[in-house]
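The primary structure of each chain is shown beneath.
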Amino acid sequence: MTALTPQIRDILNWYASDNPGTRASLARILNQGKLGGTGKVVILPVDQGFEHGPARSFAINPPAYDPRYHIELAVEAGLNAFAAPLGMLECASEVAPGFPLILKCNSSNSWATTKDQAVTATVDDALRLGACAMGFTIYPGADAFFDQVEEIREIAQEAKAAGLAVVIWSYPRGGEISKAGETALDVTAYAAHMAALIGAHIIKVKLPSDHIEQEDAKKAYADGDWSTMAKRVAHVMQCCFAGRRIVVFSGGATKGEDSVYQDARDIAGGGGHGSIIGRNTFQRPRAEALAMLAKIVGIYEGQA
Amino acid sequence: MTALTPQIRDILNWYASDNPGTRASLARILNQGKLGGTGKVVILPVDQGFEHGPARSFAINPPAYDPRYHIELAVEAGLNAFAAPLGMLECASEVAPGFPLILKCNSSNSWATTKDQAVTATVDDALRLGACAMGFTIYPGADAFFDQVEEIREIAQEAKAAGLAVVIWSYPRGGEISKAGETALDVTAYAAHMAALIGAHIIKVKLPSDHIEQEDAKKAYADGDWSTMAKRVAHVMQCCFAGRRIVVFSGGATKGEDSVYQDARDIAGGGGHGSIIGRNTFQRPRAEALAMLAKIVGIYEGQA
Amino acid sequence: MTALTPQIRDILNWYASDNPGTRASLARILNQGKLGGTGKVVILPVDQGFEHGPARSFAINPPAYDPRYHIELAVEAGLNAFAAPLGMLECASEVAPGFPLILKCNSSNSWATTKDQAVTATVDDALRLGACAMGFTIYPGADAFFDQVEEIREIAQEAKAAGLAVVIWSYPRGGEISKAGETALDVTAYAAHMAALIGAHIIKVKLPSDHIEQEDAKKAYADGDWSTMAKRVAHVMQCCFAGRRIVVFSGGATKGEDSVYQDARDIAGGGGHGSIIGRNTFQRPRAEALAMLAKIVGIYEGQA
Amino acid sequence: MTALTPQIRDILNWYASDNPGTRASLARILNQGKLGGTGKVVILPVDQGFEHGPARSFAINPPAYDPRYHIELAVEAGLNAFAAPLGMLECASEVAPGFPLILKCNSSNSWATTKDQAVTATVDDALRLGACAMGFTIYPGADAFFDQVEEIREIAQEAKAAGLAVVIWSYPRGGEISKAGETALDVTAYAAHMAALIGAHIIKVKLPSDHIEQEDAKKAYADGDWSTMAKRVAHVMQCCFAGRRIVVFSGGATKGEDSVYQDARDIAGGGGHGSIIGRNTFQRPRAEALAMLAKIVGIYEGQA
Amino acid sequence: MTALTPQIRDILNWYASDNPGTRASLARILNQGKLGGTGKVVILPVDQGFEHGPARSFAINPPAYDPRYHIELAVEAGLNAFAAPLGMLECASEVAPGFPLILKCNSSNSWATTKDQAVTATVDDALRLGACAMGFTIYPGADAFFDQVEEIREIAQEAKAAGLAVVIWSYPRGGEISKAGETALDVTAYAAHMAALIGAHIIKVKLPSDHIEQEDAKKAYADGDWSTMAKRVAHVMQCCFAGRRIVVFSGGATKGEDSVYQDARDIAGGGGHGSIIGRNTFQRPRAEALAMLAKIVGIYEGQA
């Protein structure tokens with residue numbers, strides 16, 4: 001353990017209201033891997049087996065059926081943290097003791113009959129597995145949103161008291177939100193803001209489009225220039241307490257390498273803290289994935 | 001800390017059934033700022049980011065994206081307290097240690113599919129953040145009203161035991177209440193009375209119109225003169241235990257300066273305890289907002 | 001504190017299964033005021049502000065907006081107890097320390113969208129306010145009845161363990177019960193019996209009419225003479241464990257003085273334990289109310 | 001307290017997994033009254049006031065309005081136990097300290113709008129009243145069945161830990177079960193089996209008819225001879241862990257004396273452990289009821 | 001107790017995140033009976049009385065009405081564990097102290113009006129009965145699935161803390177899953193994967209058909225050869241953390257002996273850990289069942 005860099009010291013100051021344990025958990029993530037100390041982060045999340053099923057997630061790269069594969073990939077690629085549901089962490093936690101784990105504690109699946117998720121794990125699970133954060137998905141706009149907020153309220157309070165960090169995936173959907181609206185700039189910014197307001201330390205949203213969904217919000221966006229992704233990322237950061245919360249972005253389904261790199265450049269350019277990138281890594285052969293992750297990490301290191 | 005003024009001593013006597021901790025929390029609010037000791041209060045609430053989204057709330061005055069902006073404004077303007085959701089207090093509480101904070105612990109949003117709110121924070125959150133009160137919104141008339149009352153019952157009991165005060169925003173809506181009825185005099189007075197009955201120390205309602213909504217209530221209002229706002233405010237005060245509860249009023253959306261000042265004069269004239277004023281301050285440039293708040297405070301100081 | 005009268009000793013023996021604390025709480029009510037020691041009681045309840053709104057309840061007699069007015073009235077009239085929701089007791093409990101208070105811990109209101117009530121206060125609230133009983137309303141016949149029974153089960157168990165008494169207002173309504181049926185003799189007797197079975201120490205019902213509502217019950221009532229109110233009261237008493245529970249009756253909305261007195265004579269004549277009388281007192285000027293209450297108390301003292 | 005008879009020792013061995021306290025509670029019931037030590041039991045249940053109302057239950061024999069009447073009847077008739085809701089035990093428990101009481105802790109009523117019951121009392125209530133068992137009704141087939149099972153799971157676990165016994169009334173109804181099916185042999189046997197599987201020590205069902213309700217079950221019953229009640233009782237016993245659970249039967253509404261005696265002979269003949277008999281006793285004059293109970297007890301004593 | 005075999009040591013390493021108590025509970029199952037130490041298991045489950053009723057389950061072999069029959073059969077056949085609902089274990093646990101018991105803690109029945117199960121027992125029940133695991137059924141696809149996951153989350157966390165193992169029966173049904181889909185390969189594999197992700201130590205699924213149910217999954221299965229059961233079993237194992245979870249399979253309703261043996265050969269051939277076999281044993285005469293189980297055990301011993 002070396003001294004904190006000024007970047008990390010600055011970030012930890014944003015969380016002055018948290019106890020030393022929670023700040024240490026954030027520091028563990030921020031100091032891990034190749035980006036350790038830079039204030040940038042790349043996180044590997046693997047919950048697609050829950051969301052889409054194992055074969056759709058892993059058949060294309062069979063070694064990925066083994067939970068240990070992912071955490072080894074995250075370690076070898078020099079990433080900051082690994083996020084996964086309970087069973088996967090139970091199975092793989094011994095692979096790299098001390099590597100930052102985020103216990104993704106709610107999940108949906110392909111057969112869900114409501115826009116909701118089931119809470120699958122607890123703060124006590126995270127503590128016994130040595131995880132440093134709880135991960136939780138909310139669906140702003142869905143009928144279940146209020147219930148989800150009340151679930152994460154309980155989990156977050158318990159997590160913060162136990163010295164864990166709280167990571168919220170904020171995915172707008174349902175209710176009056178259109179399909180295009182799910183990634184609209186105003187909707188994404190609002191979703192990120194609500195995650196911050198309910199107490200997330202780290203917020204995860206999808207990269208926003210330039211669509212403005214809400215009639216009532218159009219005036220507020222009328223004078224802005226939202227033509228580039230970097231500007232849209234910057235707006236999301238602004239909506240997260242003027243940039244005083246860690247925000248990471250995802251690009252969605254597997255896609256071409258170039259667009260993955262462009263995403264990272266846009267996130268860095270807009271002042272975002274990093275990428276959370278799953279299928280684009282583990283659905284590629286290991287060597288390709290490592291090469292891609294090295295390049296992404298390089299973009300954040302160089303800010304370009 | 002100086003001796004209590006007679007006005008504050010009188011107000012605290014209304015809360016003789018509370019423990020010394022809760023009375024001290026009320027005293028902290030009542031003794032804070034330029035109006036400290038007068039028995040009048042001006043409170044800055046910032047939960048519009050939750051209710052309407054960040055851009056609609058703050059784009060007009062970008063420094064307001066930063067939670068610290070608001071608490072600094074409240075301190076500099078010499079207000080009595082700052083009310084906000086969990087994340088905002090977590091982010092800004094270190095700005096002015098000791099300044100009275102109200103943890104607004106439930107919130108709705110633009111996409112709510114029911115007339116309800118999610119409980120987003122707890123008494124333990126308030127205690128660790130050094131807040132002196134829990135803020136909670138109820139919707140008299142809505143299907144969710146009974147559930148909301150049972151939520152605040154639990155929060156209020158825990159808060160009072162922990163030496164915190166309880167502030168209830170009482171906003172009639174839903175069910176058989178018409179749009180005009182939401183600010184009708186009889187409805188507002190009834191909503192304020194119920195907040196008092198369920199144990200609020202401080203009650204917040206909107207300034208009432210002269211409309212009488214309920215057929216059954218018309219007789220009771222038939223002989224009164226409700227032509228001026230001050231008289232209507234006085235009636236609301238009467239319905240809050242004959243004036244033995246602190247009641248603050250809001251005027252709603254951003255509007256002209258003059259009408260904001262007139263609101264304050266009417267509140268003071270009717271014996272109300274003060275204003276709770278959000279968008280009309282933080283949606284103006286900082287200098288304008290400070291000037292406006294200085295004038296409002298002056299109205300309460302001079303009772304005119 | 002003087003020795004218990006034979007009447008009170010006899011009544012307390014009905015509650016032999018309760019702990020000394022609960023029996024002492026019952027004794028406090030039974031020994032209070034002009035009827036202290038007689039085994040008869042007159043109770044002042046003020047929850048109409050919750051049920052009907054403040055103006056409809058108090059505008060006719062403005063001093064009644066102040067919670068202290070009511071408890072002072074109850075003390076001066078020499079009544080046995082005062083029943084009210086949380087906030088009213090919080091505001092007025094210091095007026096007459098030691099006067100028996102019943103914390104009415106659930107309430108409905110004019111805008112309720114279901115036939116139910118919200119639980120607004122707890123046993124801990126009663127204990128910190130020095131109250132000696134919890135008051136709770138059930139709606140036999142309503143969809144919410146089972147839930148209400150389970151709510152009062154929890155409250156009653158906690159109250160009895162803490163040495164408090166339990167008062168149940170049993171108001172049939174909803175489901176298959178007709179409007180006339182709500183005060184039918186068979187329905188009232190059944191409602192009172194269920195209150196006894198779920199563990200009430202004191203049962204409050206409305207004075208029953210001679211209507212028999214249930215087809216299945218008609219045979220059981222066929223041979224009885226239900227022509228006088230006193231006989232109907234006697235039947236309700238019989239249905240409350242052969243008279244081994246304290247039962248008080250109300251007459252409903254404000255009405256002529258004579259009928260109020262006749263109610264008391266009928267209650268006394270049928271062996272009921274007394275009156276619970278709200279609007280008929282506080283909606284009259286104070287002097288009139290005191291005169292009326294003196295006369296009612298006199299009826300119970302003289303049993304005529 | 002005399003030594004256990006071989007019969008009781010044998011029965012208690014069926015409950016080897018229970019703690020000594022629970023076995024002692026079962027022993028208290030089995031050793032009580034004229035049938036004490038024989039392994040046969042007759043239990044008096046009085047919850048008809050809750051289910052049907054007081055007048056329909058007791059008007060035909062007015063002394064029965066007094067809870068003490070029933071427990072005195074049970075003692076004088078030399079029965080094994082008395083089962084009743086909370087209030088009735090609270091009122092009557094002092095009549096015969098030590099007589100085995102079963103706290104019937106859920107109840108329905110004539111106005112129920114769903115096929116369910118409300119939980120009206122707790123294990124703590126049973127303990128403070130000196131009861132030795134919790135009684136609970138389930139409705140196999142009803143929409144509420146799963147909820148009921150989860151309610152009795154919690155109550156049973158707490159009861160067993162506290163040294164109490166668990167008595168389950170298993171009454172099929174609702175869903176796809178026809179009226180005739182409610183007492184069909186297959187349905188009754190299934191209902192009794194489920195009560196055993198969820199952990200009842202004592203199971204109460206109605207005497208089964210020779211009707212087979214379920215299409216899927218007809219094959220399993222095709223080769224049996226179900227022409228006599230004794231054979232049907234024997235099948236129910238077989239379905240209760242091959243006779244290793246105490247099972248008692250009821251015959252339903254008031255009926256002729258002869259058929260009551262025949263029921264007892266059939267129960268004894270089929271190996272059942274006894275009768276649970278309410279309305280047939282307390283709706284007859286006391287002397288008649290005592291004579292009838294003496295004769296029933298005699299049938300079990302003589303096994304004929 | 002002898003030293004662990006390499007096979008068992010290997011399996012226990014998969015559960016490195018569990019406490020020694022839970023690993024010991026798994027070891028108790030893995031070391032029991034004729035297959036002890038081989039890493040293969042045969043488990044006897046008897047919950048058909050709950051699911052289908054007692055007569056349909058046991059009339060064909062009447063000794064099976066007695067819970068002791070089954071555990072004696074499991075012991076004599078040299079199986080690894082016995083799984084049953086609460087009452088059956090309460091009744092039979094004294095038969096073979098120390099034999100591994102799995103408390104099946106939720107159940108449905110023939111009259112269920114929703115696709116769900118009732119939770120019938122607790123971890124405390126398992127502990128007092130000396131069981132070494134909790135068994136729980138989930139219905140992926142059903143409306144109740146999220147609730148079921150949250151139920152098993154609480155039970156599993158408590159079980160793991162208490163040193164018990166967790167066995168999940170994963171039975172897809174309901175929602176958009178067709179009847180054929182309930183045993184489709186993709187559905188079965190997904191259902192097994194979700195059981196692993198929510199933290200099961202042992203997973204039980206039905207043997208999969210070669211049907212692919214989900215349109216979205218067809219591509220992932222397009223290149224595979226799913227023509228033999230052994231290959232399909234191998235895929236299910238792969239989907240359970242690349243074979244690092246114990247998975248057992250059932251074949252369903254009673255069927256010919258040959259197909260039962262073929263099932264075992266296919267399970268062993270695909271790398272599955274064993275059979276869970278109920279009706280095919282206890283619905284045959286005891287001697288036949290023992291002979292059949294001996295042969296099944298032999299298949300696993302010889303892997304052929």
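Treat the numbers as computed from the prediction; the structure is a model and nothing was measured.

1. Some points on the overall build of chain A
Of regular secondary structure, chain A possesses 14 helices and 10 strands. A compact globule built from 304 residues would reach a C-alpha radius of gyration of about 19 Å, and chain A, at 18 Å, matches this within 12%. The dimensions of chain A, computed from C-alpha atoms along their principal axes, are 50 × 45 × 40 Å. Accessible surface, chain A as shown: approximately 9500 Å² in total, 50% of it carbon and sulfur. Averaging the positions of the 28 positive and the 33 negative side-chain charges in chain A gives two centres separated by 5 Å.

2. Some details on the interface of chain B and chain C
In this complex, chain B contributes 39 residues to the contact, which on the side of chain C involves 43 residues. Taking both sides of the interface into account, the surface hidden between chain B and chain C amounts to around 3300 Å²; carbon and sulfur atoms contribute 62%. It is Phe146, Tyr190 and Leu197 of chain B in chain B that bury the most area against chain C; as a group they hold 21% of the surface buried on that side. At the junction of chain B with chain C, the criterion picks out three salt bridges.

3. Quick word on helix α8 (residues 145-161) of chain E
Since one α-helical turn is 3.6 residues long, residues separated by three or four positions face the same way. Residue and element names in this part refer to chain E. End to end, α8 covers 24 Å across 17 residues, agreeing with the expected 24 Å (1.5 Å per residue, within 8%). Those residues of α8 that fall on the buried side of the exposure criterion are Phe145, Phe146, Gln148, Val149, Glu150, Ile152, Arg153, Ile155, Ala156, Ala159 and Lys160. One or two positions beyond α8, positive phi appears at Gly163, with a value near 80°.

4. Considerations on the nonpolar core
Phe82 of chain A, Phe82 of chain B, Phe82 of chain C, Phe82 of chain D together with Phe82 of chain E are the most contacted members of the largest nonpolar core, which has 460 residues in total. With residues up to four places along the chain from it excluded, the contact list for Phe82 of chain B reads Leu44, Val46, His70, Ile71, Ala74, Met88, Leu89, Phe99, Pro100, Leu101 and Ile102 of chain B.

5. Points about the confidence of the model for chain A
Low-pLDDT portions of the prediction should not be read for the details of their coordinates. Averaged over every residue, the pLDDT of chain A is 96; residues scoring 70 or more account for 98%. For this predicted complex, the interface score ipTM comes out at 0.96, while the overall pTM is 0.96.

6. Thoughts on the pairing of strand β1 (residues 41-45) of chain A
All names here are of chain A. Counting buried residues along β1, five of its five residues qualify, which places the element largely inside the surrounding structure. What you see with β1 is no split at all: Val41, Ile43 and Pro45 on one side and Val42 and Leu44 on the other are buried throughout. Judged from the three bridges that link them, β1 and strand β10 (residues 274-276) form a sheet pairing that is parallel. Across the sheet, residue Ile43 finds its bridge partner in β10, namely Ile276. Direction of pairing for β1 relative to strand β2 (residues 81-84): parallel, over a ladder of three bridges. If you follow Ile43 over to β2, its bridge partner there is Ala81.

7. A few points about the relation of the copies chain B and chain C
Superposing chain B onto chain C takes a rotation of 72° combined with a translation of 0.0 Å along the rotation axis, leaving an RMSD of 0.0 Å. Here the copies are linked by what is in effect a five-fold axis. Scanning chain B for the C-alpha nearest the rotation axis identifies Asp147 of chain B, at a separation of 11 Å.

8. Quick notes on the pairing of strand β7 (residues 165-170) of chain D
All names here are of chain D. Burial of β7 is extensive: six of the six residues sit out of reach of the surface. Residues Ala165, Val167 and Trp169 of β7 are buried on one face, and the alternating residues Val166, Ile168 and Ser170, pointing to the opposite face, are buried as well. One ladder, built from six bridges, connects strand β6 (residues 133-138) with β7; its direction is parallel. Bridge pairing links Ala133 to Ala165 in β7. The β-α-β motif built from β6, the intervening helix α8 (residues 145-161) and the parallel element β7 has right-handed crossover chirality. Bridging between β7 and strand β8 (residues 202-206) involves three bridges; their strand directions are parallel. Across the sheet, Trp169 pairs through a bridge with Lys204, a residue of β8. What joins β7 to β8 is helix α9 (residues 185-197), and the crossover it makes is right-handed.

9. With respect to the environment of Ala144 of chain B
Residues and elements named next belong to chain B. Within the secondary structure, Ala144 is located in the loop between β6 (133-138) and α8 (145-161). In the structure, Ala144 is positioned 148 residues away from Met292 in sequence and 37 Å away in space, judged by C-alpha atoms. What Ala144 contacts, discounting residues up to four positions off in sequence, is Lys115 and Asp116.

10. Here's the deal with the sheet that holds β6 of chain D
All names here are of chain D. Around the barrel, eight strands lie side by side as β1-β2-β3-β6-β7-β8-β9-β10; this closed barrel has parallel pairing. Each strand axis lies, on average, 25° off the axis of its neighbour in the sheet, ignoring direction. Against the sheet, α8 engages β6 and β7, with an angle of about 170° to β6. Contacts from helix α11 (residues 229-239) reach β8 and β9 (246-250) within the one sheet, and its direction differs from that of β9 by about 140°.

11. Let's talk about the side chain of Glu182 of chain E
Structurally, the position occupied by Glu182 of chain E is in the loop between β7 (165-170) and α9 (185-197). Those residues in contact with Glu182 of chain E, other than ones at most four positions away along the chain, are Pro172, Arg173, Ile177, Val187 and Thr188 of chain E.

12. Overview of the pattern of salt bridges
Residues and elements named next belong to chain C. Within the structure shown, the criterion is met by 55 salt bridges over all chains. Of the charged contacts, one joins Asp125 and Arg128 as a salt bridge, the two residues approaching to 3.1 Å between their closest N and O atoms. Of this pair, Asp125 and Arg128 both sit in helix α7 (residues 123-128), three residues apart, which is roughly one turn of that helix. Judged by relative accessible area, Asp125 falls into the buried class, the value being 2%. For the salt bridge of Glu154 with Arg153, the shortest nitrogen-to-oxygen distance reads 3.6 Å. By relative accessible area, which is 53% here, Glu154 ends up exposed. Residue class for Arg153 comes out buried when judged on its relative accessible area of 15%.

13. A short note on the state of the cysteines
Each disulfide is one covalent bond, formed between the sulfur atoms of two cysteines. Tallying each qualifying case throughout the model produces zero disulfides over all chains. In this model Cys240 of chain A remains outside any disulfide bridge; the closest cysteine sulfur is found in Cys239 of chain A, 7.0 Å from its own. A residue is classified by how much of its surface remains accessible, and Cys240 of chain A, at 0% relative accessible area, is buried. No disulfide involves Cys132 of chain C; its nearest neighbouring cysteine sulfur is the one of Cys105 of chain C, lying 13 Å away. The class for Cys132 of chain C is buried, based on a relative accessible area of 0%.

14. With respect to the side chain of Thr188 of chain E
Residue and element names in this part refer to chain E. Here Thr188 lies in helix α9. The exposure class assigned to Thr188 is buried, which follows from its relative accessible area of 3%. If sequence neighbours within four positions are ignored, Thr188 has contacts with Glu182, Thr183, Val205, Lys206, Pro208 and Val236.

15. With respect to the sheet that holds strand β3 (residues 101-104) of chain A
Within the closed barrel, the eight strands sit side by side as β1-β2-β3-β6-β7-β8-β9-β10 (chain A). Their pairing is parallel. Here the strands of the sheet are splayed against their neighbours by 25° on average, with no regard to which way each runs.

16. Describing the interface of chain A and chain B
Taken together, the contacts link 39 residues of chain A with 43 residues of chain B. Both sides of the chain A and chain B interface together cover about 3300 Å² of buried area, and 62% of this is carbon and sulfur. When the area that chain A buries against chain B is broken down by residue, the three leading residues are Phe146, Tyr190 and Leu197 of chain A, summing to 21%. At the boundary of chain A with chain B, the tally comes to three salt bridges. Here Asp216 of chain A and Arg56 of chain B are joined by a salt bridge, their closest N and O atoms 3.8 Å apart. The interface formed by chain A and chain B contains 14 residue pairs in polar contact (both at pLDDT 80 or more). Only α8 (145-161), α9 (185-197), α10 (218-221) and α11 (229-238) of chain A provide two or more residues apiece to the side of chain A that touches chain B.

17. What about the packing of aromatic side chains?
Summed over all chains, the structure comprises 30 aromatic pairs over all chains. Judged by centre distance (5.7 Å) and plane angle (70°), the rings of Phe58 of chain D and Tyr65 of chain D are edge-to-face. Residue classification places Phe58 of chain D among the buried residues on the basis of a relative accessible area of 0%. Under the relative-accessibility criterion, Tyr65 of chain D is labelled buried at 4%. When the centroid spacing of 6.4 Å and the interplanar angle of 45° are considered together, the rings of Phe145 of chain E and Phe146 of chain E count as tilted. The same class applies to Phe145 of chain E as to Phe146 of chain E, namely buried. Here the aromatic cluster, defined as three or more aromatic residues joined through ring pairs, consists of Phe58, Tyr65 and Phe282 of chain A. The ring of Tyr171 of chain C carries Lys206 of chain C above its face, with NZ or CZ at 4.7 Å from the centroid.

Rules used throughout
Residues numbered from 1 in each chain as written. Chains lettered and ligands numbered in written order. Predicted model: local features only at pLDDT ≥ 70, side-chain atom pairs only at ≥ 80, totals over all residues. Heavy atoms only, no water. Helix = DSSP H or I, 4+ residues; strand = E, 2+ residues; numbered from the N terminus. Rg over C-alpha atoms; globule rule 2.2 N^0.38 Å. Areas by Shrake-Rupley, 256 points an atom, 1.4 Å probe, with all protein chains shown as cover. Lys, Arg positive; Asp, Glu negative; His and termini not counted. Charge placed at Lys NZ, Arg CZ, Asp CG, Glu CD. Contact = heavy atoms within 4.5 Å. Buried area = accessible area lost by both parts, 1.4 Å probe. Salt bridge = Lys/Arg side-chain N within 4 Å of Asp/Glu carboxyl O. Expected span 1.5 Å × (residues − 1). Buried < 20%, exposed > 50% of the residue type's maximum accessible area, 1.4 Å probe, protein only. Core = buried A, V, L, I, M, F, W, Y, C linked by side-chain atoms within 4.5 Å. pLDDT = per-residue confidence, 0-100. Pairing = 2+ DSSP bridges. Least-squares fit on C-alpha atoms with pLDDT ≥ 70 in both. Right-handed = clockwise from strand over helix to strand, strands pointing away. Axes fitted to C-alpha atoms, helices over the stretch in contact; angles between N-to-C directions. Disulfide = S-S within 2.5 Å. Polar contact = N/O pair within 3.5 Å; in protein donor to acceptor, adjacent residues only side chain to side chain. Phe/Tyr/Trp six-rings, centres within 6.5 Å; stacked < 30°, edge-to-face > 60°. Lys NZ or Arg CZ within 6 Å of the ring centre and 35° of its normal.

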